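Spelled out, the chains give:
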Amino acid sequence: MSDLLIMTPGPTEVSEEVRRAMSQKITNPDLDPDFFDFYLDVSSKLQQVIKTKNDVIIMSGEGILGLESACASLIEPGDKVLVLDNGIFGRGFADFADLYGAEVTKWEFPYNEEIDTNELAEKLAAENDFKFATFVHCETPTGIINNIGEITKLLNEHNILSIVDSVSAIGGVPIEVDEWGIDIILGGSQKCLSVPPGLTFMSVSDAAWDAVNNRETPVRGYYTNLQLWQNWYEEKYFPYTQAISDIYALNAALDKWLEDQEIFARHNKIAEAVRKAIAESNLNLFAENGHSDTVTAIEIPDSINYQELNQLMTESHNVMIAGSLGEFEDKLIRIGHMGENCYEEKLYRTLKAFDHSLRELGFNLNIELHKVFINKMD
Ligand SMILES: *Cc1c(COP(=O)(O)O)cnc(C)c1O
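Scoring rules and cut-offs
Along each chain, the written sequence defines residue order, and numbers are assigned to residues from 1. Predicted model: local features are reported for residues with pLDDT of at least 70 only, side-chain atom pairs are reported and counted for 80 or more only, and whole-chain, interface and lining totals are derived from all residues. Calculated side-chain values reflect all of the structure's heavy atoms, with hydrogen atoms and water omitted. Helix and strand assignments come from DSSP, with helices taken as H or I runs of at least 4 residues and strands as E runs of at least 2, each series counted from the N terminus. Taken over C-alpha atoms, the radius of gyration is set against a globule rule of 2.2 Å times the number of residues to the power 0.38. Exposure classes here rest on a 1.4 Å probe applied to the protein chains alone. A residue is buried below 20% of its type maximum, exposed above 50%, and partly exposed in between. Accessible surface area values rest on a Shrake-Rupley calculation with a 1.4 Å probe, where residue burial reflects the displayed protein chains alone. Positive charges are assigned to Lys and Arg, negative charges to Asp and Glu, while His and the chain termini are left out of the count. In plain terms, the charge of a residue is placed at NZ if it is Lys, CZ if Arg, CG if Asp and CD if Glu. Distances are taken per atom, and a residue is near a molecule or strand as soon as one of its heavy atoms is within 4 Å of it. Counting of polar contacts relies on pairs of N or O atoms within 3.5 Å, with two restrictions inside protein: one atom must be capable of donating a hydrogen and the other of accepting it, and residues adjacent in sequence are counted only when both atoms are side-chain atoms. For this quantity, the arc is that covered by the directions from the helix axis to the C-beta atoms. Between two residues, a contact is recorded if the distance between any of their heavy atoms is within 4.5 Å.

### Some words on the overall build of the protein
Thinking step 1. When you go through the protein residue by residue, the secondary structure sums to 14 helices and 13 strands.
Thinking step 2. Scaling as 2.2 N^0.38, a compact globule of 378 residues should have a C-alpha radius of gyration of about 21 Å, and the protein matches this with 21 Å.
Thinking step 3. Taken along its principal axes, the extent of the C-alpha atoms in the protein is 60 × 55 × 35 Å.
Thinking step 4. Counting only residues that meet the buried cut, the protein has 57% of its 378 residues in that class.
Thinking step 5. When the accessible area of the protein is evaluated, it comes to approximately 15,500 Å², of which 46% is carbon and sulfur surface.
Thinking step 6. Each charge class in the protein was averaged separately, 29 positive and 62 negative side chains, and the resulting centres sit 4 Å apart.

Here it is, written out as structure tokens:
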């Protein structure tokens, strides 16, 4: 297992400097004043990644904690919440909103396309009496990226606060939180930033803080209560002990990220080359449009069994890619080309393993995927 290349859309590969950072000597993060400055510095690096002056909170827990905290802290029983659904995670937001008592309206869009913002504009013109709207930036199970800037612009025209899950896009594609007026955007450590799973982070706009503060009912939760995070720096107080070693790792990953001038260009170039190779082959990309530069979903040919493919790839070719979830389980395979995974040689190895595995299972590929990929990189 030691040399297994992890090309899943999160968790991604973790670099040696990030792993080393985790082994640094720790202090008591509740008591050491230096830790509060360190934490502030790490959150300011995240502010640079997503271009915001809004507060950025880093919480100990996986991405789902960020998502649930946003829902728990903003949504009150009876609040009207619009759920934009063009994928499995988008749909899942409805369950969280429902859990916290929202009156949910779900607008479903095709799952193989990005949300059509013209259609959204029309629907919003007709119905816009919502306090919040939730949507997913990148639908990881299907490899679709939504036009977050356009969507929040429309929501802002109707004074609807946005809660955006960008777990699988933050760090891999440009995000302009302040320019686009995003109220809450949340990410996770284990996707494009290539830190082990364990942290979630989110930016909170002034309007979102107002919503959190002006509730009529108390937040039903403690770990998920954003109210407790408002003055952590001034009061030198965290609601719970911070996962300091994870934050060391995040800090190291952010330093690497901020130094990397090519990060978005590389994600785009590699993703395009992967897509072009698949498009030239007799395989099919799942997405019709809105292809994400962080993950590609490919339809599994009818003659191929996902379990067999996966086993062959991991055991004989030492590369792990992912299947999909829900109704796409056994129907799609996904290559995560985000963060530390996003290097030409890793995609070459992955596509070669995929190519060989498909052939070994009897699929008659019309091109050599890895070779076409390399040609497209020129
Ligand atoms: C990875 C991910 C999460 C976090 O969920 P896990 O399945 O627990 O990793 C949330 N939202 C999106 C869009 C993700 O890709």
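We are not done yet, so read on.
### Details of the site of the ligand
Thinking step 1. Inspection of the region around the ligand gives E62, I64, F89, V136, C138, T140, D165, V167, S168, Q190 and K191 as its neighbouring residues.
Thinking step 2. T140 places a polar side-chain atom, nitrogen or oxygen, 2.3 Å from an oxygen atom of the ligand.

### Section: helix α8 (residues 206-213)
Because an α-helix packs 3.6 residues into every turn, residues spaced three or four apart end up facing the same way.
Thinking step 1. All buried positions along α8 are accounted for by A208, W209, A211 and V212. Buried residues of α8, seen end-on, are gathered within an arc of 160° and therefore sit on one face of the element.
Thinking step 2. Taken together, the buried residues of α8 touch β2 (55-60), α3 (63-74), β5 (132-136), β8 (161-165), β9 (184-188) and β10 (199-204).

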